[in-house]
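# Structural overview for review
Here is how the chains run, residue by residue.
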Amino acid sequence: MSFRYQIQTLYAEKKGVKTFEGIDPITGLPVLIYEFQGNPRTNLEKLESENIPGVLETDASDTLNRLVVAYSKRYKAVSKPFRIAKSMLLIESARALRDAARAGVVHGDIRPERFLSTQDHVLLEGFGAPWLAMENPYRAPETKGANFKDDIYAWAKSIFDIVSGELNDAHSTLLMQCLVANPNERLDAESLYDSLNHLGTHDAIANKTSVHNFELSFDENSMTRPGFQESTAPASLSSSVGSSSASRISSPVATAQVIGETAKPNKEVTKTFIKNPPPGATYKSGDSFSGDPHRVKLEQDLAELRSELASDNGNRRRRILMIVGLIVAVLLFAGLAFFKPFFGQPQPQTPLINQNNVTQYIVQLDIEPGDLPPIDIVVISSPSGSARPDNSILGKYKPGINQIALNKEGLWQFQGRFDNRLSDVVSLQLPEQRRILITIPPEADVTGQ
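This report concerns the structure included in the present document.

## Overview of the packing of aromatic side chains
The description of two aromatic rings rests on the distance between their centres and on the angle between their planes. Per the counting criterion, the structure on display carries four aromatic pairs. Ring geometry for Phe-3 against Tyr-5: centres 5.6 Å apart, planes inclined by 50°, an arrangement best described as tilted. Across this residue pair, the class does not change: Phe-3 and Tyr-5 are buried. Ring centres 5.9 Å apart and planes at 75° place the aromatic pair Tyr-11 and Tyr-71 in the edge-to-face group. With Tyr-11 in strand 1 (residues 6–14) and Tyr-71 in the loop between strand 5 (65–70) and strand 6 (76–77), the pair connects residues that are 60 residues apart, well separated along the chain. The partly exposed category is assigned to Tyr-11, whose relative accessible area is 30%.

Written out as structure tokens, the structure reads:
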């Protein structure tokens, strides 16, 4: 059966592979067509990801092979000024690596121009063609043929090139773990995605509970019911194709939800604003300020203000002043509720429960001596199922007192590293222990090692 797709213009050319923009004359939808000698990557029939262009067809002839994937001209190569948040660029392109690894499909030519995006969705293009890994300047030094560890290295090097160093410390540290010289010590695709997803979860919680995101909106009938609504609207990428070719792999009608794997589209969530407790402290249902004279006085003032506001007497200026007074009283009351756990009561060592029902233990990390710049803290070993894999970098921390969040009970082991100066390996047993001390030895102590 003849090849049904029409080739239009040359999209890109790398040694051994030509990529064309084309069109499906039956559906009228645009496609990308890869032409090459040799065979396409194996396991393409298993490849399915919302961040990889869907494979539509493979076509073989005596002289060359073709691979056809879904395409949309709305997607452009990611570059400055960015159309998409850098955190979304990282996590969605990492999801593409994870999904490809799960299917057993190696890329072999990841480079910056492969990262395509709209304003709310990322695609990693080029899966399926037999790229020559040695022709890629972003490949790992040891690479002699396409492999998953090389894909991780090329992905991280490409991201650094795209963002030109504009990443926070946590993301930069994670990417550096993908660029270590020993491929066996690099993160795999699954761990990379999980770690980025974990960082994104913490960022989202921090943003939702930040005082800068708190908006007090009220009128005279709703002052006693402060709250907020947040809604998420999914973005989608849809393609509809059909083929009668015997060599057809799949014909997806794909809708890509790009607001997180567990997000529900078109669903509005209403919450009451509750500030998370500070590290090491919790609020229990039913806690009150009974017997607190400050609360009694505030409640009396609030009752008087509400009573006067309900009255039709008084001029406009008096009503405005009373509204301002009510706002101040509400904020003072909220402040007393927030700070009460800090005064006159010991702070219990209990886990911090976040909004996603993930238990986080707050641990105090002391680093000595105090004259060092920020040092790397390495997770030597961690309990099974933790978000921090063995031999991963927890982050950079300054000397003195720091706080870290750990999500699994059990035995943790850490080591501090600064240049060639290594601390002793320090053990921590959660939940019994909540403090560790990392001491970097003086430079003289490591001379001659």
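## A word on the sheet that holds strand 2 (residues 17–23)
Note on sheets: strands pair through backbone hydrogen bonds, and any given pair is parallel or antiparallel. Ordered by their spatial adjacency, five strands build an open sheet running 1-2-3-5-4, and the pairing between neighbours is antiparallel. Each edge of the open sheet carries a strand with a single partner, namely strand 1 and strand 4 (55–60). Strand after strand, the sheet turns through a mean of 25° between neighbouring axes, direction not considered.

## Side note on unusual backbone geometry
Of note, the bond from Lys-80 into Pro-81 is cis; its omega dihedral lies within 30 degrees of zero at -10°. When you line up the elements, Pro-81 lands in the loop between strand 6 and helix 1 (86–103). With an omega dihedral of -5°, the bond running from Glu-368 to Pro-369 counts as a cis peptide bond. In this fold, Pro-369 is placed in the loop between strand 12 (359–368) and strand 13 (375–381). For Asn-43, which is not glycine, the phi dihedral falls at a positive 70°. Following the sequence through the fold, Asn-43 ends up in the loop between strand 3 (30–36) and strand 4. Non-glycine residue Asp-419 carries a positive phi angle of around 55°.

## Quick look at the sheet that holds strand 8 (residues 122–124)
Here we have three strands laid out as an open sheet, ordered 6-7-8, and antiparallel in their pairing. The sheet terminates laterally at strand 6 and strand 8, the two strands that pair on one side only. Two strands pair when backbone bridges link them, and strand 6 and strand 7 (residues 115–117) are joined in this way by two bridges, in the antiparallel orientation. Its bridge partner lying in strand 7, Ala-77 is registered against Leu-116. Sheet strands in contact with helix 1 are strand 7 and strand 8, and its direction is about 40° off that of strand 8.

## Re the environment of Asp-390
Structurally, Asp-390 is set in the loop between strand 13 and strand 14 (392–397). Residue class for Asp-390 comes out partly exposed when judged on its relative accessible area of 43%. It is 9.8 Å that separates the C-alpha atoms of Asp-390 and Phe-414, two residues lying 24 residues apart in sequence. Not counting the four nearest positions on each side in its chain, Asp-390 is found in contact with Val-379, Ile-380, Ser-381 and Ser-382. At a separation of 2.9 Å, a polar atom in the side chain of Asp-390 contacts the main-chain amide nitrogen of Ser-382.

## A look at the pattern of salt bridges
Considering all chains together, one arrives at 16 salt bridges under this definition. Salt-bridge contacts for Glu-50 lead to Arg-95; the nearest nitrogen and oxygen are separated by 3.5 Å. Taken together, the positions of Glu-50 in the loop between strand 3 and strand 4 and Arg-95 in helix 1 put the pair 45 residues apart, joining distant regions of the chain. Between Arg-102 and Glu-190 there is a salt bridge, and its shortest N-O distance comes to 2.6 Å. Of this pair, Arg-102 sits in helix 1 while Glu-190 sits in helix 4 (residues 189–209), and the two are 88 residues apart along the sequence. Salt bridges linked by common partners bring Lys-14, Asp-109, Arg-111, Glu-113, Arg-114 and Glu-125 together as one network.

## Considering helix 2 (residues 148–163)
Note that an α-helix has 3.6 residues per turn; residues three or four places apart therefore point the same way. Helix length check: helix 2, at 16 residues, gives a terminal C-alpha distance of 23 Å against a target of 22 Å (1.5 Å per residue), a fit within 8%. Within helix 2 the residues assigned to the buried category are Asp-150, Asp-151, Ile-152, Tyr-153, Ala-154, Trp-155, Ala-156, Ser-158, Ile-159, Ile-162 and Val-163. The N-terminus of helix 2 is capped by Asn-147, whose side-chain oxygen sits 3.1 Å from the backbone nitrogen of Lys-149. Just past helix 2, the residue Ser-164 takes up positive phi, approximately 55°.

## Notes on the environment of Asn-147
Considering the arrangement of structural elements, one finds Asn-147 in the loop between strand 8 and helix 2. Residue classification places Asn-147 among the partly exposed residues on the basis of a relative accessible area of 26%. Residues Asn-147 and Val-106, spaced 41 residues apart in sequence, show a C-alpha to C-alpha distance of 5.9 Å. Within the structure, the side chain of Asn-147 is placed 2.9 Å from the backbone oxygen of Gly-145, a separation counted as a polar contact.

## Considerations on the packing of helix 1 against helix 2
For any two helices packed against each other, one specifies the crossing angle of their axes together with the interaxial distance. Where helix 1 contacts helix 2, the axes come no closer than 11 Å and their chain directions differ by 165°. Accordingly, the angle class assigned to the pair helix 1 and helix 2 is roughly antiparallel. Two packed elements cross with a definite hand, and for helix 1 against helix 2 that hand is right-handed. Contact with helix 1, carried on its side by Lys-86, Leu-89, Leu-90, Ser-93, Ala-94, Leu-97, Ala-100 and Ala-101, involves Phe-148, Asp-151, Ile-152, Trp-155, Ile-159, Ile-162 and Val-163 of helix 2 and no other residues of that element.

## So, the side chain of Asp-150
Checked against the element boundaries, Asp-150 lands in helix 2. For the buried Asp-150, no salt bridge exists, and the shortest N-O distance to an oppositely charged side chain is 5.9 Å, to Arg-186. Ignoring sequence-local partners within four residues, the contact set of Asp-150 consists of Arg-139, Ala-140, Thr-143 and Arg-186.

About the thresholds
- Residues numbered from 1 in each chain as written.
- Predicted model: local features only at pLDDT ≥ 70, side-chain atom pairs only at ≥ 80, totals over all residues.
- Heavy atoms only, no water.
- Phe/Tyr/Trp six-rings, centres within 6.5 Å; stacked < 30°, edge-to-face > 60°.
- Buried < 20%, exposed > 50% of the residue type's maximum accessible area, 1.4 Å probe, protein only.
- Helix = DSSP H or I, 4+ residues; strand = E, 2+ residues; numbered from the N terminus.
- Pairing = 2+ DSSP bridges.
- Axes fitted to C-alpha atoms, helices over the stretch in contact; angles between N-to-C directions.
- Contact = heavy atoms within 4.5 Å.
- Polar contact = N/O pair within 3.5 Å; in protein donor to acceptor, adjacent residues only side chain to side chain.
- Salt bridge = Lys/Arg side-chain N within 4 Å of Asp/Glu carboxyl O.
- Expected span 1.5 Å × (residues − 1).
- Parallel < 35°, antiparallel > 145°, perpendicular 65-115°, else oblique.
- Left-handed = near helix turned anticlockwise from the far one by under 90°.
- Lys, Arg positive; Asp, Glu negative; His and termini not counted.

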